[in-house]
Amino acid sequence: MSTRRIVLSRSAAIVGAAATGWLLPATAGAQSAKLRVGLMLPYTGTYAQLGVAVENGVRMAIDQQGGKLGGREIEWFKVDDESEPSKAVENASKLVQRDKVQVLIGTVHSGVQMGIQKVARETGVLSLIPNAGAHAATRALCAPNVFRTSFTNAQITLALGPAMVARGHKKAVWITWKYAAGEEAFEGFKQSYPAAGGSIIKELGLPFPNVEFQALLTEIAALQPDAVACFFAGGGAAKFIRDYAAAGLKDKIALYGSGFLTEGVLDAAGPAADGIITTMHYSDSLDTPRNKQFRMEYAKTFRSQPDVYAMQGYDTGLLLVHGANAVQGDMEAKPALYRALESAVIDSPRGRWTMSRAHNPVQDIYLRRVENMENKVIGVAAKAQADSGAGCRMG
Ligand code: PHB
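Residues numbered from 1 in each chain as written. Predicted model: local features only at pLDDT ≥ 70, side-chain atom pairs only at ≥ 80, totals over all residues. Heavy atoms only, no water.

Going through the model one piece at a time under the given rule, you end up with one disulfide. A sulfur-sulfur separation of 2.2 Å characterises the disulfide bridge that pairs Cys142 with Cys392. Disulfide Cys142-Cys392: torsion about the S-S bond near 85°, hence right-handed. Of this pair, Cys142 sits in the loop between strand S4 (126–129) and strand S5 (146–148) while Cys392 sits in the segment after strand S14 (374–385), and the two are 250 residues apart along the sequence. Overall, Cys142 belongs to the buried group, its relative accessible area being 8%. (Disulfide = S-S within 2.5 Å. Helix = DSSP H or I, 4+ residues; strand = E, 2+ residues; numbered from the N terminus. Buried < 20%, exposed > 50% of the residue type's maximum accessible area, 1.4 Å probe, protein only.)

The structure is reproduced here in structure tokens:
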């Protein structure tokens, strides 16, 4: 937000308070208090880097708008959720009940997200999901106070099947971590690949966040498929890519994935990642002024390259700024706040996107290929792709 808009929204808040007459002191007090923002993200474990990238993105978006929300200063509260579902309700409750956050930003892991969703539905706290793709959050368990700025797990792999068949790879093995994100990513693949003419000859898995891939790679070599498709992310993804090459599979069996496979791991994976093809709602190499400006600013601020998680954090910050400005920082003005969030058009580094009725992004999905440690766009796999939102009864 420009300085001029900050001034305008502040004066709008003052006009609003004055109009309430005797309520003026209380209202003015509430609006001038700091806005309490909670970050519930993984800062340890295989998704630790993802949590840091999300937080960097959120802070960068808000700092670019003057570091305030609807004219209010921010007080931050942070919890490391460790990607541990069994602690999720307790961690989210700490932020909402003890710290009294007015917005909860989190998280990365789908299992943990279901704990946040429970707390969000019970307390009505504004919940912004900067990564986790758990279907239920914007399907059967959708809620007016929950908004996702990332994707659903199947939204990404729905575009993967046709891309593989178009390259002549008609016999595939699927492999993933056995938890919600991997299983739901498989749901999209299972729908799109056979529909395009491919056949899935085997489904393999191991528990999250296990990285003992050797026995499964031996099995893949014996099965001799045309291609392997997978969902892995974070530290585990870097190891899977390296182990796949070390097992001698890289130049024999084409490796595809939900794009998280190659996000934030290209330095760690090195040349072993070259040639991997994925689908994703972002690419480093998107040749737009918006993306270039974002990448330059991020690299300057954090001395590292942004990835999809940083971009999603950034968009979460943009969405929050938009909502808070629309209600001049009065986060209790819920109908107006939700209307603003629902109708937002986010001018994102990924390209412009809007919210579906179930509060999930409607967005383009790109086809990318790793070349020289970069995810290069090689096509658009799906235009304005929406999740089904199946079972969401809202609006
Ligand atoms: C998830 O658990 O939903 C998840 C985690 C990491 C990703 C993508 C999805 O990169």
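With that settled, consider the nonpolar core. Membership of the largest hydrophobic core comes to 99 residues, with the highest contact counts inside it found for Leu126, Phe231, Phe232 and Phe240. Apart from residues no more than four positions distant in its own chain, Phe240 is found in contact with Ile175, Phe213, Leu217, Cys230, Phe232, Leu255 and Leu261. With 19 residues, the next largest nonpolar core counts Met40, Leu95, Ala120 and Ala143 among its residues. (Core = buried A, V, L, I, M, F, W, Y, C linked by side-chain atoms within 4.5 Å. Contact = heavy atoms within 4.5 Å.)

This paragraph deals with the confidence of the model for the protein. For the protein, the mean per-residue pLDDT works out to 93, and 92% of the residues sit at or above 70. Counted against residues more than four places away or in other chains, residues 1–29, with its pLDDT under 50, gives 17 contacts. (pLDDT = per-residue confidence, 0-100.)

What the largest pocket holds in volume is close to 490 Å³. Forming the walls of the largest pocket are 21 residues, and the residues nearest its centre are Gly264, Asp267, Gln305, Pro306 and Asp307. Per-element tally for the lining of the largest pocket: the top contributor is helix H3 (residues 48–64), with four residues. A per-class count over the lining of the largest pocket returns eight nonpolar, seven polar and six charged. (1 Å grid on protein atoms, 1.4 Å probe; cavity = no way out; pocket = protein on both sides within 12 Å on 5 of 7 lines; lining within 4 Å. Points joined across faces, edges and corners; volume = space filled by probe spheres on them. Nonpolar A, V, L, I, M, F, W, Y, C, P; charged D, E, K, R; others polar.)

Attention now moves to the packing of helix H13 (residues 308–326) against helix H14 (residues 334–342). The interhelical angle for the contact between H13 and H14, taken along N-to-C directions, is 140°, at an axis separation of 8 Å. As judged from the angle between their axes, H13 and H14 are oblique. For the crossing formed where H13 meets H14, the hand is right-handed. Taking contact as the criterion, the partners of Leu319, His322, Gly323, Ala324 and Ala326 in H13 are, on H14, Leu337, Ala340 and Leu341. Split by residue class, the contact of H13 with H14 holds six nonpolar, two polar and no charged. (Axes fitted to C-alpha atoms, helices over the stretch in contact; angles between N-to-C directions. Parallel < 35°, antiparallel > 145°, perpendicular 65-115°, else oblique. Left-handed = near helix turned anticlockwise from the far one by under 90°.)

Opposite charge on two side chains permits pairing when their charged atoms draw close. Enumeration according to the criterion identifies 21 salt bridges in this entry. Across the pair Lys87 and Glu82 runs a salt bridge whose closest N-O atoms are separated by 2.9 Å. Judged by its relative accessible area of 36%, Glu82 is partly exposed. Through salt bridges that share partners, Glu55, Arg59 and Lys78 make up one connected network. (Salt bridge = Lys/Arg side-chain N within 4 Å of Asp/Glu carboxyl O.)

Close to the ligand lie 15 residues; Val108, Ser110, Gly133, Tyr179 and Tyr309 are nearest. Take Val108: an N or O atom from its main chain is 3.4 Å from an oxygen atom of the ligand. With respect to the ligand, the backbone of Gly133 contributes an N or O atom lying 3.0 Å from an oxygen atom. Bound to the protein, the ligand loses 100% of the 280 Å² it would expose on its own. Taking a 2 Å distance to the grid points as the criterion, the majority of the atoms of the ligand fall inside the largest cavity. (Near = heavy atom within 4 Å. Polar contact = N/O pair within 3.5 Å; in protein donor to acceptor, adjacent residues only side chain to side chain. Areas by Shrake-Rupley, 256 points an atom, 1.4 Å probe, with all protein chains shown as cover. Sits in = over half its atoms within 2 Å of the grid points.)

Buried within helix H9 (residues 214–223) we find Leu216, Leu217 and Ile220. Each buried residue of H9 lies within a common arc of 100° when the element is viewed along its axis, so the set occupies one face. Relative to its buried face, H9 has exposed residues pointing more than 90 degrees away, namely Ala215 and Ala222. (Arc of directions from axis to C-beta.)

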